[in-house]
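Understanding the architecture of this molecule
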Amino acid sequence: MAKPRKAAALLASGLLLALAGGFHLLGWEVAQNGALLLASAISGWTIAVKAVQSLRMSAFSIELLVTIAMIGAVILGEYVEAAAVAFLFRLGAYLEAITLGKTRSALKALVDLAPAEAIVLRDGTQVKLLASEVVRGDRVLLPSGSKIAVDGQVASGQALVNEAAITGEPVPVAKQVHDRVFSGTTVDTGYLEVIAEQVGEDTTFAKIIELVEEAQESKAKTQKFLDKFASYYTPGMLALAVLVYFISRNPELALTFLVIACPGALVISAPVSMVAGLGNGAANGLLVKGGEVLENLAKAEVIVFDKTGTLTEGRPGVVAVHTYGGTQERELLMLAAAVESASEHPLGQAIVNAAKEREVEPAERPERVEVHKGSGISGTVGGKAVLVGKREWMDHLGVAKNKEAWTEAERQEKQGYTVVFVATDEKLIGMVAITDPVRPEAKEAIRELKRQGVKRVLMLTGDNRHAAQHVADRVGIDQVYAGLLPADKVAHIQEWKRQGYRVAMLGDGINDAPAIAAADIGMAMGGTGTDVAIETADAVIMTDRLDKLVYARQLAKRTVRNMKQNVSFAVAVVVLLLAGVLTEHIYLASGMFIHEFSVLLVILNALRLTRRGRSSGRNKGRDAEPKAITGV
């Protein structure tokens, strides 16, 4: 109801102004003044209320300047100026609210996409429930055209799913058994039955809405500065207006100076750009948690990638299984898969999937499972202590070495494979060679980042040196640091920051979370990323495509550039208007009109950010020869 009332008040004021013009032509001065005073009261009441509320909180707002100017104009008998100032200020605020609402359309569109209902199978019967009533473990039935209300794994069926709400990509994705689906997406054609894993506020879609809401409320450094500036600006302008009066002895000039000094366009210049940029990102599968993150991303000089699930697709597959000490392949897979079933790591899931594909019967439920970040996982299966992880970790734990296994592992690693070792009761029983395809867009994405001015592109990975270098050579990574623990990754990032670089880190796993948190700009892959990595990150790429990182940096640079344009324009308008007032070339009504028009131009300029931007070009933003970066 608030918006219709504001529109009605604005319309009434406009009609009264027009009516006053008619009375002036007829020579009805009393009726004219009455219409003007009524118009001033209707438009000025809300402005005055806001001014008083600000004063109660010891704040000097723009509304205070306008209120003083309106009251002063009425006292001086300048009823036309009083009504015009109030009307134009309200009109500017109304247009500002409408256009700012457009910049928040991405959030509204997301909320509108939220599924309301779901069909689940309970006790053999189909039941239609509210989305909030679905619980973990429910079997959700999804015919063509239905919105998916949960995050989960496909248990049955095949379908094309439109994931634009999550990834920003309009092309439907084929889904089949074992694939994951997300809340907020839509089944285009086909039929799926999905086991609910995350429901309600825990779904990816619900977290997206929450993150976008938080991001749009956060402020960039420039915006924080302008907010602080405004708190000093208003009392400063009041003092200057008093000074103008004492010098000129012209109260109308002092009042005009006071009104024209309102920095409306300047105050909104930064936030409107940031909100528009954040909305653009959300509509294109990029969740940026605040304006300050956009500012930092635009200035990033070093971008660091994890390997598995980031530069690679995160869908690794087992290519070879070698056993030792008389262990059978099925037994090794059974034990390893049992322990890895408790892990979110892509390599662990590859072992679990390999066991399913070979129809290996699941072992007993593992006990005392413990994830050793960056090293491996341990647990007890059927009374056996099972270790699955890296060679260095096995050495550290005193697992008996096997020369034949070590030689075979090195041969596999030189082919670019990742080797995972399996031991029981401190005895090596085998190893699993795993490959993870490199993302097809990775090479071009890294090339484009360098064209944008990124000085160095690096890799930090816990994987072996051979596999890491194999991927790095294919995609154009400048430097590789392999065999790292999470603490090692953090140490490298902190060292580069000490050297003065602004560092961005993109990862997806639990072991990446400390490095993501340590970077100036922490980023996570939303599709393959773990919850810990996503929650730690400053920005999330919801689609599993690295070209989205290129777009994110382009968007960040466009947003910062747009914000600077707005700030510069707003400052120039205020300076020119004040100069015009002091030289008596600009008067109250005309100055107020120009002022409000400048506010609208600032908003319209920011709205350009809501359109999907073009590529920055091959040579734009390219820096000079990059300096060498040393690790720790």
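Within the protein, the secondary structure is distributed over 23 helices and 20 strands. Burial statistics for the protein: of 632 residues in total, 52% are counted as buried. Accessible surface, the protein as shown: approximately 28600 Å² in total, 57% of it carbon and sulfur.

Look at R249: it is not a glycine, yet its phi comes out positive at around 55°. In this fold, R249 is placed in the loop between α8 (221–248) and α9 (251–260). For E359, which is not a glycine, the phi torsion comes out positive at approximately 55°. One can find E359 in the loop between α14 (346–357) and β11 (367–372). On the basis of relative accessible area, E359 is assigned to the exposed category, the value being 63%.

Bringing the pairing of strand β14 (residues 418–424) into the picture now. Along β14, seven of the seven residues are buried, which leaves the element largely enclosed by surrounding structure. Where strand β13 (residues 384–389) meets β14, four bridges bridge the pair, whose relative direction is antiparallel. The residue of β14 that forms the bridge with G389 is F421. Two strands pair when backbone bridges link them, and β14 and strand β15 (residues 427–435) are joined in this way by seven bridges, in the antiparallel orientation. In the strand pairing of β15, V420 is matched with V432.

Relative to the helices and strands, G190 is located in strand β7 (residues 186–198). On a C-alpha basis, the gap between G190 and S144 in space is 5.4 Å, while along the polypeptide they are 46 residues apart. Contacts of G190, omitting those with residues within four sequence positions, involve L142, P143, S144, Q158 and A159.

Another point: helix α11 (residues 291–298). The element α11 is largely enclosed, with a buried count of seven among its eight residues. When α11 is considered as a whole, its buried residues turn out to be G291, V293, L294, E295, N296, L297 and A298.

Sheets are built from strands that pair by backbone hydrogen bonding, the pairs being arranged parallel or antiparallel. Taken together, seven strands build an open sheet; the order of strands is β8-β20-β19-β18-β9-β16-β17 and the sheet is mixed. One side of each edge strand has no neighbouring strand; the edge strands of this open sheet are β8 (286–288) and β17 (479–481). Pairs of neighbouring strands in the sheet enclose a mean axial angle of 20°, with direction left out of account. In the packing of α11 onto the sheet, contacts are made with β8, β19 (521–525) and β20 (539–541), and the angle to β19 comes to roughly 95°.

In this section: helix α22 (residues 547–582). Between its first and last C-alpha, α22 extends 53 Å over 36 residues, near the 52 Å set by a 1.5 Å rise per residue. Residue E584 follows α22 closely and has a positive phi angle near 60°.

Here E413 shows up in helix α16 (residues 403–414). On the accessibility criterion, E413 (9% relative accessible area) is buried. Once residues lying within four places of it in the same chain are set aside, the contact partners of E413 are R391, V419, N464, H466 and A467.

Formed by 41 residues in total, the largest nonpolar core has its most connected members in F305, L311, I477, L506, M523, L546 and L549. Broken down by element, the residue count for this core peaks at seven residues, all from α22. For F305, the residues in contact, after removing those within four places along its chain, are T310, L311, I446, L449, V457, L458, M459, L460, I477, L506, L546 and L549. Formed by 25 residues, the second largest nonpolar core is a distinct cluster that contains L332, V352, I429 and I434.

Let us look at the pattern of salt bridges. Overall, the coordinates contain 16 salt bridges when judged by the stated rule. Across the pair R391 and E413 runs a salt bridge whose closest N-O atoms are separated by 4.0 Å. Here R391, found in helix α15 (residues 391–396), pairs with E413, found in helix α16; they are 22 residues apart in sequence, far enough to count as distant. E448 serves as the salt-bridge partner of R451, at 3.0 Å between the closest nitrogen and oxygen. Of this pair, R451 and E448 both sit in helix α17 (residues 442–451), three residues apart, which is roughly one turn of the helix. Via salt bridges that share partners, E444, R447, E448 and R451 belong to a single interconnected network.

Time to look at the environment of F257. Here F257 lies in helix α9. In this structure, the C-alpha to C-alpha distance between F257 and V242, residues 15 residues apart in sequence, is 9.7 Å. Discounting residues that sit within four places of it in the chain, F257 has contacts with M237, L240, A241, V244, L578, V581 and L582.

Once that is clear, we can look at the packing of α11 against α22. In contact at an axis separation of 8 Å, α11 and α22 are set at 105° when each is read in the N-to-C sense. The angle between α11 and α22 falls in the class roughly perpendicular. Side by side, α11 and α22 meet where L294, E295, L297 and A298 of the first sit next to A552, R553, A556, K557, T559, V560 and M563 of the second. Considered class by class, the residues forming the contact of α11 with α22 number seven nonpolar, one polar and three charged.

It is worth spelling out the confidence of the model for the protein at this point. The predicted model of the protein has a mean per-residue pLDDT of 79, with 81% of residues at 70 or higher. Model confidence for the protein, summarised as mean pLDDT per element, is weakest for helix α5 (residues 105–113) at 53 and strongest for strand β9 (residues 302–305) at 94. Contacts of residues 215–220 to residues separated by more than four positions or lying in other chains number 23 contacts, the stretch itself having pLDDT below 50. Between residues 613–628, whose pLDDT stays under 50, and residues either more than four places distant or in other chains, the model counts 25 contacts.

A few words on a nonpolar patch on the surface. Residues F569, F593, I594, F597, L601 and L604 make up a contiguous nonpolar surface patch of roughly 530 Å² in combined accessible area. Broken down by element, the residue count for the nonpolar patch peaks at five residues, all from helix α23 (residues 588–607). Considering the arrangement of structural elements, one finds F593 in helix α23.

Before going further, it helps to examine the sheet that holds strand β10 (residues 317–323). Spatially, six strands are ordered β10-β15-β14-β13-β12-β11 in an open sheet, and the strand pairing comes out antiparallel. A single partner strand is all that each edge strand has here, and the edge strands are β10 and β11. Here the strands of the sheet are splayed against their neighbours by 15° on average, with no regard to which way each runs. As paired elements, strand β12 (residues 376–381) and β13 share six bridges and run antiparallel to each other. Bridge pairing in β13 links S378 to L387. Strands β10, β11, β12, β13, β14 and β15 of the sheet are contacted by helix α13 (residues 329–340), whose axis makes an angle of about 105° with β12.

Attention now goes to the side chain of K307. Within the element layout of this structure, K307 appears in helix α12 (residues 307–311). The buried category is assigned to K307, whose relative accessible area is 4%. Excluding its chain neighbours within four sequence positions, the residues that come into contact with K307 are T312, T418, M459, L460, T461, D463, A467, A468 and V471.

Here is what the cut-offs are and how they apply
Residues numbered from 1 in each chain as written. Predicted model: local features only at pLDDT ≥ 70, side-chain atom pairs only at ≥ 80, totals over all residues. Heavy atoms only, no water. Helix = DSSP H or I, 4+ residues; strand = E, 2+ residues; numbered from the N terminus. Buried < 20%, exposed > 50% of the residue type's maximum accessible area, 1.4 Å probe, protein only. Areas by Shrake-Rupley, 256 points an atom, 1.4 Å probe, with all protein chains shown as cover. Pairing = 2+ DSSP bridges. Contact = heavy atoms within 4.5 Å. Axes fitted to C-alpha atoms, helices over the stretch in contact; angles between N-to-C directions. Expected span 1.5 Å × (residues − 1). Core = buried A, V, L, I, M, F, W, Y, C linked by side-chain atoms within 4.5 Å. Salt bridge = Lys/Arg side-chain N within 4 Å of Asp/Glu carboxyl O. Parallel < 35°, antiparallel > 145°, perpendicular 65-115°, else oblique. Nonpolar A, V, L, I, M, F, W, Y, C, P; charged D, E, K, R; others polar. pLDDT = per-residue confidence, 0-100. Patch = residues over 30% accessible without salt bridge, like charges linked within 9 Å, V, L, I, M, F, W, Y side chains within 5 Å.

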